[in-house]
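Next come the chains, spelled out residue by residue.
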Amino acid sequence: MEYSSLKYDTMLDIVPIPAFQDNYIWTLHDRQHAVVVDPGDAAPVRAYLDTHKLKLAAILCTHHHHDHVGGICELAQVYNVPVHGPQHENIPCISHAVGEGDAVAIAELGIRLEVLDIPGHTRGHIAYLGMGAVFCGDTLFGCGCGRLFEGTAAQLHHSLQRLAHLPGDTRVYCAHEYTEANIRFALACEPGNALLKQRQADARALRAAGQPTLPSTIALERATNPFLRCTEAEVIRNAERQAGLELAPGNEVAVFTALREWKNHFS
Ligand code: ZN
Ligand code: FE
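About the criteria used
Residues numbered from 1 in each chain as written. Chains lettered and ligands numbered in written order. Predicted model: local features only at pLDDT ≥ 70, side-chain atom pairs only at ≥ 80, totals over all residues. Heavy atoms only, no water. Donors = N, O, S within 2.8 Å, 3.2 Å for Na, K, Ca; no water. Tetrahedral: all angles 85-135°; square planar, octahedral: opposite > 155°, others 65-115°. Helix = DSSP H or I, 4+ residues; strand = E, 2+ residues; numbered from the N terminus. pLDDT = per-residue confidence, 0-100. Contact = heavy atoms within 4.5 Å. Buried < 20%, exposed > 50% of the residue type's maximum accessible area, 1.4 Å probe, protein only. Axes fitted to C-alpha atoms, helices over the stretch in contact; angles between N-to-C directions. Parallel < 35°, antiparallel > 145°, perpendicular 65-115°, else oblique. Left-handed = near helix turned anticlockwise from the far one by under 90°. Nonpolar A, V, L, I, M, F, W, Y, C, P; charged D, E, K, R; others polar. Phe/Tyr/Trp six-rings, centres within 6.5 Å; stacked < 30°, edge-to-face > 60°. Pairing = 2+ DSSP bridges.

Visitor: I keep staring at the coordination of the iron ion (ligand 2) and nothing clicks. Help me out?
Guide: Note on the iron ion (ligand 2): its protein donors are Asp67 (OD), His68 (NE2), Asp138 (OD) and His176 (NE2). The metal-donor distances range over 2.1 to 2.3 Å. Taken together, the 4 donor atoms surrounding the iron ion (ligand 2) define angles of 82 to 168° at the centre, an arrangement classified as irregular. Separation of the iron ion (ligand 2) from the zinc ion (ligand 1) amounts to 3.3 Å, with Asp138 serving as a shared donor to the pair. Of this pair, Asp67 sits in helix α2 (residues 66–69) while His176 is found in the loop between β14 (171–174) and α5 (179–189), placing the two residues 109 residues apart along the sequence.

This is the structure:
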């Protein structure tokens, strides 16, 4: 199935190409040129570009996991385009290694994206920020966050805090459709959060209509995502109860660590 365009403005559409079970390959285009983020599979991207008669201008990559990079070499070869990716990770076919402080300019689309280092899920994970949008891979999810595969809890917490401090209306384009399951966990952390209940109803309605729950916004994540709410009394209380210990007051990283652990075996 194909999702309809999510309008950014009159110029650029940002569309998710579904891949594998629950990945989204976000595609920015102006009806002529396109950029894809984290193409884990080349086939659905090639099909989409063909159908819509789009010319690929560049590939962006957030981290080295296979479901994000698996299609890069084929696409780079077929379309002969630059591939931007994290400088601290080893990813085949990257032509432009980028990191904190760099910017990626895509002349065909007239856009410029800033690069942020957001380690934790992987050691070299990066995000792309621009046009009021952030492409954050597997770091911040709709109502959740990525697993700790390579970094420390403190690193991931710090990375998430950086994202949380972006303007509230920044749209969050993450790479997986995990929102509904994440909301179930969030409700266990914070059953009293009315906005969370609203978000659950909204997400259910979107999924029932075959639509993605993304993008969300930084404001919505701040209001409902437990991993951004490590200073909320109810979140702390439930994290403590679950971990069976009392956490030192004011230790956000300890709360975050307990939440991340809890989520790992929550079902
Ligand atoms: Zn990943
Ligand atoms: Fe992933």
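Visitor: I'm lost on the coordination of the zinc ion (ligand 1) in this one. Help?
Guide: Four donors placed tetrahedrally around a metal ideally meet at 109.5 degrees, and six donors placed octahedrally ideally meet at 90 or 180 degrees. His63 (NE2), His65 (ND1), His121 (NE2) and Asp138 (OD) make up the full set of protein donors to the zinc ion (ligand 1), lying at 2.2 to 2.3 Å. Here the zinc ion (ligand 1) is ringed by 4 donor atoms whose angles at the metal span 86 to 168°, and the overall shape comes out irregular. Here the donor residues of the zinc ion (ligand 1) are spaced in sequence according to H-x1-H-x55-H-x16-D.

Visitor: Hey, could you run me through the confidence of the model for the protein chain in this one?
Guide: Low pLDDT marks stretches whose predicted atomic positions should not be read closely. Summing up the model confidence of the protein chain, the mean pLDDT is 96 and the portion of residues at 70 or higher is 96%. Under a pLDDT of 50 for its full length, residues 6–10 has, in the predicted model, 14 contacts with residues more than four places off or in other chains.

Visitor: What is the right way to read the environment of Val134 from this model?
Guide: Relative to the helices and strands, Val134 is located in strand β11 (residues 133–137). Owing to a relative accessible area of 0%, Val134 belongs among the buried residues under this scheme. Here the alpha-carbon distance between Val134 and Lys197, two residues 63 residues apart in the chain, equals 25 Å. The residues contacting Val134, other than those within four sequence positions of it, are Ala127, Tyr128, Leu129, Leu163, Leu166, Thr170, Arg171, Val172 and Tyr173.

Visitor: How do you make sense of the packing of α5 against helix α6 (residues 194–208) when you look at a structure like this?
Guide: When two helices pack together, their arrangement is captured by the angle between the axes and the distance separating the axes. Running from N to C, α5 and α6 cross one another at 160°; their axes reach a closest spacing of 10 Å. Judged by the angle between their axes, α5 and α6 are roughly antiparallel. Like other packed secondary-structure pairs, α5 and α6 cross with a definite hand, here left-handed. Where α5 abuts α6, its residues Thr179, Glu180, Ile183, Arg184, Ala186 and Leu187 lie against Leu196, Lys197, Arg199, Gln200, Ala203, Arg204 and Arg207. Each residue belonging to the contact of α5 with α6 can be placed in one class, and the counts come to 5 nonpolar, 2 polar and 6 charged.

Visitor: Is there a simple way to explain the packing of aromatic side chains in this structure?
Guide: Here the structure, examined in full by the defined rule, presents 9 aromatic pairs. Each ring, one from Phe185 and one from Phe266, has its centre 5.1 Å from the other, and the planes form 75°; the classification is edge-to-face. Of the two residues, Phe185 is situated in helix α5 and Phe266 in the segment after α9 (252–264); the sequence distance between them amounts to 81 residues. Relative accessible area serves as the criterion here: at 29%, Phe266 is assigned to the partly exposed category. A ring pair is formed by Phe227 and Phe256, whose centres lie 5.7 Å apart and whose planes are at 75°; its orientation type is edge-to-face. Residue Phe227 is located in the loop between α7 (218–224) and α8 (233–243), and its partner Phe256 is located in helix α9; the two are separated by 29 residues in the primary sequence. For the pair shown, Phe227 and Phe256 are each scored as buried.

Visitor: Where do I start with the sheet that holds β11 in this structure?
Guide: By definition, the strands of a sheet pair up through backbone hydrogen bonds, in either a parallel or an antiparallel sense. Reading across the sheet, the 6 strands line up as β8-β9-β10-β11-β14-β15 and stay open at both edges, with mixed pairing between neighbours. At either end of the open sheet lies a strand with only one pairing partner, and these are β8 (103–106) and β15 (216–217). For β8 and strand β9 (residues 111–117), the ladder comprises 4 bridges, and the chain directions are antiparallel. Of the residues in β9, the one forming a bridge with Val104 is Leu113.

Visitor: Would you explain the pairing of β8 in this entry?
Guide: It is a general feature of regular strands that their side chains alternate between the two faces of the sheet. Burial of the side chains of β8 is restricted to one face: Val104 and Ile106 are buried, whereas none of Ala103 and Ala105 on the reverse face is. In sequence, β8 turns back onto β9 through a hairpin of 4 residues, with Gly110 there showing a positive phi of about 65°.

Visitor: What is the right way to read the packing of α8 against α9 from this model?
Guide: Interhelical geometry of α8 versus α9 gives an angle of 60° and a closest axis separation of 9 Å. By the angle between their axes, α8 is oblique relative to α9. Between α8 and α9 lies a crossing of left-handed hand. Contacts between α8 and α9 pair Val235, Ile236, Asn238, Ala239, Gln242 and Ala243 from the former with Val255, Ala258, Leu259 and Trp262 from the latter. When the residues that make up the contact of α8 with α9 are grouped by side-chain class, the tally is 8 nonpolar, 2 polar and no charged.

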